[in-house]
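Observations on the three-dimensional arrangement
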Amino acid sequence: MVDNQPSNIIMLTCDAFGVLPPVSKLTPEQASYHFLAGYTSKTPGTEDGVLEPIPTFSTCYSAPFIVLHPGRYAEMLAERMAKHKVDCWLINTGWTGGKFGSGKRCPLKFTRRIVDAVHSGELAKAEYEAFDVFGLQIPTSLEGVPRELLNPKLAWADKEAFGREVRKLAGMFQKAFALYEQDVEEKVRLAGPTL
Ligand SMILES: C=C(OP(=O)(O)O)C(=O)O
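Residues numbered from 1 in each chain as written. Predicted model: local features only at pLDDT ≥ 70, side-chain atom pairs only at ≥ 80, totals over all residues. Heavy atoms only, no water.

- Going by the annotation in an unreviewed UniProt entry, the name recorded for the protein chain is Phosphoenolpyruvate carboxykinase, with Cerrena zonata given as the source organism.

So this is what it looks like as structure tokens:
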């Protein structure tokens, strides 16, 4: 039985464009934004008939199960996060150093290390830097995880190709989020990527 509030919420995504950092610390507004956007990829191995990753925006990361307006769940999330002082993390298990086909999937040992560092409180105390376009806060170091893995821009050898993928994914977020932008506060709308 769980009889206490969590200290951390982890949102899980699998970004096959190699753009999102393996871990970002979200502001409450970013938590609402990413929860509403629900971005991940359908990947071979976990989805029947899928041969290469397909980006998908499944609101609240669970669109088929949503009964109320998604904005209501995003509000509840923000209220509870503030009330119980919960940190929210976006963890990306997807590709790094390139998109699907040229990069590689984030090794599981590093994702595990990141999840452990969330739960131990180590990452809450880390130093952060800004990840452009998406406006995300990413740790500058975490023992046991290569520095270039934490910041996707460092992981890509071809910086121009990286910039193109960043803009492409940002555009996809903006298109998907258009569905919700009338129903959320301005601060949530502004918490998404800017081009
Ligand atoms: C991110 C993952 O899954 P989902 O897209 O279903 O959240 C994953 O399996 O690593």
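1. Let's talk about the site of the ligand
- Surrounding the ligand, one finds L12, T13, C14, T40, T93 and R105.
- Interatomic distance of 2.6 Å between a side-chain N/O atom of T93 and an oxygen atom of the ligand.
- Note that an oxygen atom of the ligand is positioned 3.3 Å from one of the side-chain N or O atoms of R105.
- Compared with its free state, where it exposes 290 Å², the ligand has 59% of that area covered by protein.
- Across the shell around the ligand, the residue classes break down as two nonpolar, three polar and one charged. (Near = heavy atom within 4 Å. Polar contact = N/O pair within 3.5 Å; in protein donor to acceptor, adjacent residues only side chain to side chain. Areas by Shrake-Rupley, 256 points an atom, 1.4 Å probe, with all protein chains shown as cover. Nonpolar A, V, L, I, M, F, W, Y, C, P; charged D, E, K, R; others polar.)

2. Considering unusual backbone geometry
- Its identity is not glycine, yet K85 carries a phi of approximately 50 degrees, on the positive side.
- Residue K85 is classed as exposed on the basis of its relative accessible area of 72%.
- The residue V133 is not glycine, and still its phi comes out positive at about 70 degrees.
- With respect to the secondary-structure elements, V133 resides in the loop between β8 (128-131) and β9 (136-139).
- A relative accessible area of 26% means that V133 is categorised as partly exposed. (Buried < 20%, exposed > 50% of the residue type's maximum accessible area, 1.4 Å probe, protein only. Helix = DSSP H or I, 4+ residues; strand = E, 2+ residues; numbered from the N terminus.)

3. Things to note about the side chain of T56
- Tracing the sequence through the fold places T56 in strand β4 (residues 54-57).
- Excluding anything up to four places from it in sequence, T56 contacts G38, Y39, T40, S41 and K42. (Contact = heavy atoms within 4.5 Å.)

4. Quick notes on the packing of helix α1 (residues 28-37) against helix α2 (residues 70-84)
- For the pair α1 and α2, interaxial distance at closest approach is 9 Å and the crossing angle is 150 degrees. What the angle tells us is that α1 and α2 run roughly antiparallel. Handedness of the α1/α2 crossing: right-handed. Within the contact between the two elements, α1 uses P28, A31, S32, F35 and L36 and α2 uses P70, G71, Y73, A74, L77, A78 and M81.
- A class-by-class count of the residues in the contact of α1 with α2 yields 10 nonpolar, two polar and no charged. (Axes fitted to C-alpha atoms, helices over the stretch in contact; angles between N-to-C directions. Parallel < 35°, antiparallel > 145°, perpendicular 65-115°, else oblique. Left-handed = near helix turned anticlockwise from the far one by under 90°.)

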